[in-house]
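Observations on the three-dimensional arrangement
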Amino acid sequence: MKKRSLHRKINTIFLISMGIPFLILILFAHPFFERLIYDNNHTATELTLQSMANHIDSYIDNSEKYFSQGLFDDNLARFYSYINRNGVRTDDIDAYYKYYKIAKKYRNSLVRYSYSIDEEIREISVVPESSNQNKVFCFRKDRSTVEMYDLEETEYKLLYDVVKEKPSYHLVITANETYNSNSDTFVIARQINNIEQNKRQAVVFLKISRDIFSNIVNNFNPGEKNGVVILYPDGSQAYSSSEKIGSIYQQMDVEEVQDAESFTWDGERYYLTSIPSENGFTIHYIVARTAILQEVRKIFLIFMSVWVLAVLIAIILYYGFSKKVKVATENIMQFIASYWPNRQMPAPRTEGGSTIIEFENISTALTDMKDRVETLVEKEYLMKLNQQAAEYKALQTEIHPHFLNNVLSSFLALNRTDDKKGLEKAILNLSKMFRYTAEHEYDTRLSEECRFIESYLMLQKLRFEERLEYKIELDEELKGLRIPKLLIQPIVENAMKHGFQENRKMQILIRAVSFFERGRSCVWIMVANNGVPIRLEELERKNGVGVENVKARLYSAFPESVMYYSATEQFPTICNILIFQGRT
């Protein structure tokens, strides 16, 4: 294959690129540009509509996050739990006062949420599943109060029956006018579950202003004869940019128009572009053909006016640019020549290749550099693996000094009391622990980790006897879950080390359950104790080596995982690990 220099190749390409478009412009000027402008306009319209659909989906997704707020906001979780278990009576002053205090904190959380996160939410209503199941606890943004109504007398009755038939993670979106004359809002609703009991706890309704549609469309100027129509998932009209466009859409056959992509109305031709959103909304853009032709004529005239001037300027700029490219190419080639020790370019590694000499030499040099970089990356990767293995071994050796001395003392006590069975069981547990930590695998099954922790707690119980109680609950389907080795044990060890009180019985609960959130499988691992409450400000200021190691290995194995601390009345210290898995 004949090879040419880059400078000569650029000259040839420039002449061809200037000559062919000129011939096409002369021969196919008007019809070509008319079609081109129309296609560009259609593509731009689809991108704009897709952007609108993304904004609507983003807003719905942000609003939908409220349904999982109970996992992270104690005030919401406490309110849901209370109204679901206790009937709210106004004739019992003490009971109603307790409800009032809980509702007040719940209201404060909603005020912060509705004003700082989601300004368009007008109303948040909750219908409990068990107690008060015929009541609606309504928070109105304009009143900033939590009010209780009979479900039968509210606008939510029909929608409540629909939502209860859906799966717990299914979102229901409906136009407000389908069950209420007030049409300036729409409602999204969903069930919320109690994760610990895996039961439906309540149905929550978010009433949202339809101003979000006008706010989204405001930045898009459709023109005098064009317009935008947005539909709810049930097909009813949510928004139209003008009364005329809304009227046209209501009277035309949508299915027929979508197949033909155009229709005639009142003697004028219109085009229809439709984009669905992930949450079921549909956005239609209706554009008049006369508007497109008018735009085409303007652009074509402008293009013709500047064409000749653009060609002259392009020629002047080309010669100046080509000189710079030639100088830059020569500098690159000089650098590549100096890169090789023997100052000779090696032969190309593949047959064929570029017909430009400079590009072929650059390609050969970059290929060699790539091989060297890959070698360096591989060495760096092995160093990182060795570092992780060293950290893991450090964590293995950290377990023994903390309690080994006490365990051996307990063995002596068992021997002196001639409790041979107890001594044998204790020695077996210690043996299992050493065997587990001595294994070289980086990860393990969740069931094996729990057995290791059980052996650890059994040995601790030799020392503390009745002052220590523990319980391990593990879902059957989670026993085979692969997790980093020694992920949970440092948390249990911290609970024993920092939470144990001499004058109080220590209770430790380890629980692993699975649940589904918006169609996604999640694993919740909880380590709770009733000892000295953890001080979060100290934990954030200075974590222990074990906790830092746990977080690092957790996020390395599960990048989307979450680790946080919470508290309940029974357990003032709870370490929660949420592992998000694939969608089902």
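This structure is a prediction, so every number in the text was calculated from the model and none was measured.

What follows covers a nonpolar patch on the surface. On the surface, a nonpolar cluster with roughly 410 Å² of combined accessible area is contributed by I16, I20, I24, F32 and L36. Structurally, the position occupied by I16 is in helix 1 (residues 6-64).

Here the focus is the pattern of salt bridges. For the structure shown, the criterion picks out 17 salt bridges. One salt bridge connects K207 with E123, and the closest N-O pair in it is separated by 3.7 Å. Here E123 lies in strand 1 (residues 121-128) and K207 lies in strand 6 (residues 199-209), a separation of 84 residues in the sequence. With respect to burial, K207 and E123 carry one shared label: buried. Residues R482 and D443 are paired through a salt bridge, measuring 3.2 Å at the closest nitrogen-oxygen approach. Of the two residues, R482 is situated in strand 14 (residues 482-484) and D443 in strand 12 (residues 443-445); the sequence distance between them amounts to 39 residues. Looking at R482, the relative accessible area reads 38%, which means it is partly exposed. For D443, a relative accessible area of 31% translates into the label partly exposed. Taken together, the shared-partner salt bridges in this structure form one network comprising E123, R140, E147, E155 and K207.

Now for the pairing of strand 1. Burial within strand 1 is extensive, with 7 of its 8 residues counted as buried. Here 7 bridges tie strand 1 to strand 6, and the two strands are oriented antiparallel to one another. Within strand 6, the residue paired with S125 across the bridge is F205. Sheet topology places strand 1 next to strand 2 (residues 135-140); 4 bridges connect them, and they run antiparallel. When the sheet's bridge partners are listed, I124 is paired in strand 2 with F139. Between strand 1 and the antiparallel strand that follows it, strand 2, lie 6 residues; N132 among them carries a positive phi value of about 60°.

All right, on to the packing of helix 11 (residues 446-464) against helix 12 (residues 489-499) then. Look at helix 11 against helix 12: their axes get within 10 Å of each other, and the N-to-C directions meet at 20°. Regarding the angle of helix 11 to helix 12, the classification is roughly parallel. For the pair helix 11 and helix 12, the sense of crossing is right-handed. When helix 11 is examined against helix 12, the residues E449, F452, I453, Y456, L457, Q460 and F464 are found in contact with a partner set consisting of Q489, V492, E493 and M496. Tallied by class, residues from the contact of helix 11 with helix 12 come to 7 nonpolar, 2 polar and 2 charged.

Rules behind the numbers
Residues numbered from 1 in each chain as written. Predicted model: local features only at pLDDT ≥ 70, side-chain atom pairs only at ≥ 80, totals over all residues. Heavy atoms only, no water. Patch = residues over 30% accessible without salt bridge, like charges linked within 9 Å, V, L, I, M, F, W, Y side chains within 5 Å. Areas by Shrake-Rupley, 256 points an atom, 1.4 Å probe, with all protein chains shown as cover. Salt bridge = Lys/Arg side-chain N within 4 Å of Asp/Glu carboxyl O. Helix = DSSP H or I, 4+ residues; strand = E, 2+ residues; numbered from the N terminus. Buried < 20%, exposed > 50% of the residue type's maximum accessible area, 1.4 Å probe, protein only. Pairing = 2+ DSSP bridges. Axes fitted to C-alpha atoms, helices over the stretch in contact; angles between N-to-C directions. Parallel < 35°, antiparallel > 145°, perpendicular 65-115°, else oblique. Left-handed = near helix turned anticlockwise from the far one by under 90°. Contact = heavy atoms within 4.5 Å. Nonpolar A, V, L, I, M, F, W, Y, C, P; charged D, E, K, R; others polar.

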